[in-house]
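Descriptive structure summary
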Amino acid sequence: MEIMSGRQALVVREDEIEAPISEQKLWVAVLAQALEDLQGDRLTARHEAEHFLLRDRNDFFTVCAAAGIDPSSFRSRLGRLHAASIPQAPQLAA
């Protein structure tokens, strides 16, 4: 593919553009799967997803960066949603 910029032509191979986009989609899919696991019925998968999404420091930040997502903002919003989804214990009358 040739892109004209003023008098200069910039030659870009399609695979140079598609590879980073495909890799980014892969990491977005990893995060999406973790979110599905967090809401799923399998207890082990839920615990692993909760650890990865809410507690892990290294892998979570690496995956978010590769997915093009700000990890701090994502984790903050996810933490609020997760806390809201946990059933609260009934209050005992005093």
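This text follows the structure it describes.
We now turn to the structure provided with this report. (Residues numbered from 1 in each chain as written. Predicted model: local features only at pLDDT ≥ 70, side-chain atom pairs only at ≥ 80, totals over all residues. Heavy atoms only, no water.)

What follows deals with the packing of aromatic side chains. A complete count under the given rule lists three aromatic pairs for this structure. Between the aromatic rings of Phe 60 and Phe 61, the centroid separation amounts to 5.8 Å while the plane-to-plane angle is 80°, which identifies the pairing as edge-to-face. For the pair Phe 60 and Phe 74, a centre-to-centre distance of 6.0 Å together with 10° between the ring planes defines the contact as stacked. One end of the pair, Phe 60, is in helix α3 (residues 58-67); the other, Phe 74, is in helix α4 (residues 71-85), and 14 residues separate them in sequence. Residue Phe 60 is classed as buried on the basis of its relative accessible area, which comes to 0%. A relative accessible area of 14% places Phe 74 in the buried class. Members of the aromatic cluster, connected to one another through ring pairs, are Phe 52, Phe 60, Phe 61 and Phe 74. Sitting over the face of the ring of Phe 60, Arg 75 holds its NZ or CZ atom 4.1 Å from the ring centroid. (Phe/Tyr/Trp six-rings, centres within 6.5 Å; stacked < 30°, edge-to-face > 60°. Helix = DSSP H or I, 4+ residues; strand = E, 2+ residues; numbered from the N terminus. Buried < 20%, exposed > 50% of the residue type's maximum accessible area, 1.4 Å probe, protein only. Lys NZ or Arg CZ within 6 Å of the ring centre and 35° of its normal.)

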